[in-house]
Structure formats: C-alpha cells, structure tokens
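# Secondary and tertiary structure notes
The lines below spell out each chain.
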Amino acid sequence: MIRVTAVHDDSIAAELGLREGTQLLSVNGRELEDFLDWEFLTAEEAFLLHVRQPDGEEIEFDIERPLGEAIGVELEPARIRRCANRCDFCFVDGLPDGLRDVLYIRDDDYRLSFRYGNFATLTNLKPHDVQRIIEYRLSPLYVSVHATDPTVRRYLLRNPTAPDVLSQLGEFAEHGIEFHTQIVMSPGVNDGEVLRQTLGDLYRFGPAIIGCSVVPVGLTEYSKHHLVREPTAEECRAAIQLIDEQARVARAERGINWAFGADELYVRAGVELPQAEIYDGFDQVENGVGSVRWLQQRIDTVAGELRGWAGKRIAVVTGTAMGHLMPMVLEPLARTTGAEFELIPVVNTLFGSRVTTAGLLPGQAMQQALRDRRDLDLALLPGESVNDDGFFIDNMSLATLLQSIPIEVRLSKDFTDVLQVPVAA
Ligand code: SF4
C-alpha cells in the first residue's frame, strides 16, 4: 500500500476523487509496495486501480488515459532500506550526537541507486528485490564494489555474509542491467594489488560495467581512526597509476576511458587533474569524479548569458576540499563575468577540520564567515548544503541564515545556475 500525500489540480487523480490520505492498494491485482511499483505498473495506457479512500471506502477504477499523461499524485516517501554492513569508514557511524534522526540512517537502497544515483552495495537484497530489479530493468545501478575478492570485500564491509559481488552483477547483467561502480580506497586493505585486481576483474566483466571510479576514503573526527586511515600522497599517486593503466587498456580495446579517480584523489596526490575529455560524459560527477572539469565546461557553455556582474564582488563559500581546486573554476568565471570572486573555504566546525566536503558544512560556520561582510555584493553557498526542507546539517534553517547576513546570499550548484540573474542594483 502507498499513501497519497497530494493530488495535482486538473489531473486524472483529481477527476477520480483521489485525495491526500488515499491508499493506493493494487494495480491490475498486484499489490503496491512503493514508487517503483506505482511507476512501472501504471505505465500502461489502461489498468485497474484499487484504492481505499480516507473514509475507508474501497473503490476500483478502470483507467484509460493517453500514454504519457501523468496520473497526478504525490506519494509518501518510500521507507529507506537499511544497510547490512558495518564499514569502519562509514560516514554515518562517524556522526556526532544530536543531529537530525534521518542523518543516522545507514541507507543501502537499490531503488535510490536507480532513481538518484546513490551507491548501494547490494548486500541486503532479498530474492524479491532481485526479481524486481530484473523485472523493472532498473538500469543503470550505482554499486559500491570496493573489492572483487570476496574475503577483502567482506572485511571492508564488516559483513561476513556479503554475497560475491561479481556473481550478483553477473546475474543482473544477463538481464541487461548495467552498472556504474566505485571503489572506496582504504590504504593497506584494498589499494595496491587488490586495487589492480578489482579494476581488472570489473573491466573484464564486460560492457555491462560502464565505468569504475576510485575514491579515497574520507574520515571525520568521529570515525574509527584506530581501524582505518586516510591514504598518503604516495598511496594516492600509486592508485592514480593503476587507474591510468586500466584506462589505457580500456581506450585501446573499447575506445573509452572506463577507470577514473575522484578529484580528491588527485588533490591528495598533488597531481594535476586530468583534462575534461577523459571523463566520458561525466557519469560520476555527483561522486566528485571530474567535478572541477565539469564546472569549467558549464561556465564555457553559458558564458554569453552571465551578464551584469562587471565590477561586483562575489564570495564563494565552500569546504576546504575545494579550496585548492576552486581557483581553477573561479578564474574563468571572473574572466567571463568581469566580477571579482573571493574564495572563502570554511572549516567544518561540526565534524572537525578533516571533513572537507562543501555539502556537509554547518549553517553556523557559514553564518560566522559572512555575518560582517558588508563589502560584498553577493555570496554563493553550496547548494547541496541545504536539504529539501531548507535546513543545513546542523539544523540551522536557510531562512535564519539569510536574515543574519547583510548581503544577498544564493545557493548554487554550479555558479551558472544563479549568475544568470544579476543582483538588484
Ligand atoms: S555500506 Fe558501509 S559506508 Fe555505506 S552505509 Fe553501509 S556501513 Fe555505512
């Protein structure tokens, strides 16, 4: 059963009399479990929909509609599938007490992998889930492999019953499912020869694996530092060498790069970032793979539309990780707009200085950095630092922050999204 949370005006649902609180029970006699069932089972032109209205009345609708016309309902969010692992580097385990409950959920959900590109380990799949992935052809999926050697993988995931990932991928691939994969590199465990083997195994698996990225493990002040550590510059350089070797083979044999390092890996290694051309469509940009080159491309693409900024002073607030990389983005942005950009890398006062990601910056730290900056015309904050309800990770609301800053503040994902509208004179 799925509960309706809202009905769109002038929609099929409104015409049928569905409303907030209506329970969607089944389609063509098949019980509805979540948004996947709803989307796939109602994809036909005609179907039978069984509902229970908030007053308890059960109705069956015989629906016929032009293909592509939405039914017009909003659904309650699916209950997140919990993770079956206990990785030493788990970010959730490293969170301090006192944050929003939802932040402590260790999710590992193939549905979110398909819908939003979240990485899943596939270690918590039940036969019913496997069947759904195949039936609904949920492809591509984003899979955290970490190591193809089952013993090493189980050790990393702290899950002695984790299934053999290559067999799992093989079963899905036979049904046409494709994968983006990642390896979170934990030094001394899955780097070196293990990394070489994992990259090789995944590449030899065939074209169902679209690509593989290597991301250096990141820890917070609260992580289990006695069990896991971050890689040194030398270890990152060794990983880049293995990635390059595998990418060379992929280019020669398949005409694609296939193996990628996260930007963070290059920063830690002290190695220049690869050029934009190697990223083959920027499939894992959300995973921090090719983010800088992607931003540079975006700026180039919309350069002609960024008008009205000449002479303005704009602050860009970001995490300390991007502090080294951001000048490579702000320099072309300044050239294109004529504005002067000031980079403000903010230390994460909530998780500690080792958490350098912009998306995890607490509102209070950004407020502190900007509260006396009347000399600026505009400040840009990382768009991913605020959730859908308008709150930063420390529970400060965006509205509170805006009230306390003396200049205009905008949330931005790639600069170009907000610089197409000039500030008021
Ligand atoms: S797979 Fe590991 S890192 Fe991811 S949520 Fe589970 S325990 Fe945490």
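Here is what the cut-offs are and how they apply
Residues numbered from 1 in each chain as written. Predicted model: local features only at pLDDT ≥ 70, side-chain atom pairs only at ≥ 80, totals over all residues. Heavy atoms only, no water. Pairing = 2+ DSSP bridges. Helix = DSSP H or I, 4+ residues; strand = E, 2+ residues; numbered from the N terminus. Axes fitted to C-alpha atoms, helices over the stretch in contact; angles between N-to-C directions. Contact = heavy atoms within 4.5 Å. Buried < 20%, exposed > 50% of the residue type's maximum accessible area, 1.4 Å probe, protein only. Polar contact = N/O pair within 3.5 Å; in protein donor to acceptor, adjacent residues only side chain to side chain. Near = heavy atom within 4 Å. Nonpolar A, V, L, I, M, F, W, Y, C, P; charged D, E, K, R; others polar. Phe/Tyr/Trp six-rings, centres within 6.5 Å; stacked < 30°, edge-to-face > 60°. Lys NZ or Arg CZ within 6 Å of the ring centre and 35° of its normal. Patch = residues over 30% accessible without salt bridge, like charges linked within 9 Å, V, L, I, M, F, W, Y side chains within 5 Å. Areas by Shrake-Rupley, 256 points an atom, 1.4 Å probe, with all protein chains shown as cover. Salt bridge = Lys/Arg side-chain N within 4 Å of Asp/Glu carboxyl O. Lys, Arg positive; Asp, Glu negative; His and termini not counted. Charge placed at Lys NZ, Arg CZ, Asp CG, Glu CD. Arc of directions from axis to C-beta.

If you walk across this open sheet you meet the four strands as E12-E11-E13-E14, and the pairing is parallel. Of all the strands in the sheet, just strand E12 (340–346) and strand E14 (408–412) have a single pairing partner and so form its edges. Within this sheet the neighbouring strands show an average axis-to-axis angle of 25°, counted without direction. Strands strand E11 (313–319) and E12 of the sheet are contacted by helix H12 (residues 327–337), whose axis makes an angle of about 155° with E12. Set on the sheet, helix H13 (residues 363–370) makes contact with E11, E12 and strand E13 (378–382); between it and E12 the angle comes to about 135°.

The next thing to look at is the side chain of Arg-373. Checked against the element boundaries, Arg-373 lands in the loop between H13 and E13. On the accessibility criterion, Arg-373 (17% relative accessible area) is buried. Here Asp-375 takes part through its side chain, which lies 2.7 Å from a polar atom of the side chain of Arg-373. Ignoring anything within four residues of it in the chain, the contact list for Arg-373 reads Glu-342, Ile-344, Pro-406 and Ile-407.

This part takes up the site of the ligand. Around the ligand, the surrounding shell consists of Cys-83, Asn-85, Arg-86, Cys-87, Cys-90, Arg-106, Asp-107 and Thr-121. Residue classes in the shell around the ligand are distributed as three nonpolar, two polar and three charged.

On to the packing of aromatic side chains, then. One pass over the full model with this rule turns up six aromatic pairs. For the ring pair Phe-40 and Tyr-136, a centre distance of 4.5 Å and an interplane angle of 10° mean the geometry is stacked. Of this pair, Phe-40 sits in helix H2 (residues 35–41) while Tyr-136 sits in the loop between helix H4 (127–135) and strand E7 (141–144), and the two are 96 residues apart along the sequence. Judged by relative accessible area, Phe-40 falls into the partly exposed class, the value being 28%. Taking 6.2 Å as the distance between ring centres and 20° as the angle between the ring planes, the aromatic pair formed by Phe-260 and Tyr-279 counts as stacked. Here the residue Phe-260 occupies a position in strand E10 (residues 259–261), and Tyr-279 occupies one in the loop between helix H9 (263–269) and helix H10 (291–301), the gap between them amounting to 19 residues. Looking at Phe-260, the relative accessible area reads 10%, which means it is buried. Residue Tyr-279 is classed as buried on the basis of its relative accessible area of 4%. Sitting over the ring of Tyr-155, Arg-158 keeps its end group 4.7 Å from the ring centre. A cation over a ring is seen here: Arg-254 above Tyr-203, with NZ or CZ 3.7 Å from the ring centre.

The alternating pattern of strand E4 (residues 46–52) places Phe-47, Leu-49 and Val-51 on a buried face, while none of Ala-46, Leu-48, His-50 and Arg-52, on the opposite face, is buried. Summarising the sheet, strand E2 (residues 23–27) and E4 pair through four bridges and their orientation is antiparallel. Each residue of the ladder has a partner; that of Val-27, found in E4, is Leu-49. Across seven bridges, the pairing between E4 and strand E5 (residues 58–64) is antiparallel. Residue pairing in the sheet places Ala-46 in a bridge with Glu-64 of E5. Between E4 and E5, which pair antiparallel and follow one another directly, the connecting turn spans five residues, one of which, Gly-56, has a positive phi of 95°.

Looking now at a negative patch on the surface. Together, Glu-44, Glu-45, Glu-60, Asp-62 and Glu-64 make up a negatively charged patch on the protein surface. Residue position: Glu-60 is located in strand E5.

Moving on to helix H6 (residues 165–173). Restricting attention to buried positions, one finds in H6 the residues Val-165, Gln-168, Leu-169 and Phe-172. Taken down its axis, H6 places every buried residue within 95° of arc, on the same side. Along its buried surface, H6 packs onto H4, E7, helix H5 (150–157), strand E8 (179–185), helix H7 (192–205) and strand E9 (209–216). Between the side-chain oxygen at the start of H6 and the backbone nitrogen of Leu-166 there is a gap of 3.2 Å, and the oxygen is on Asp-164.

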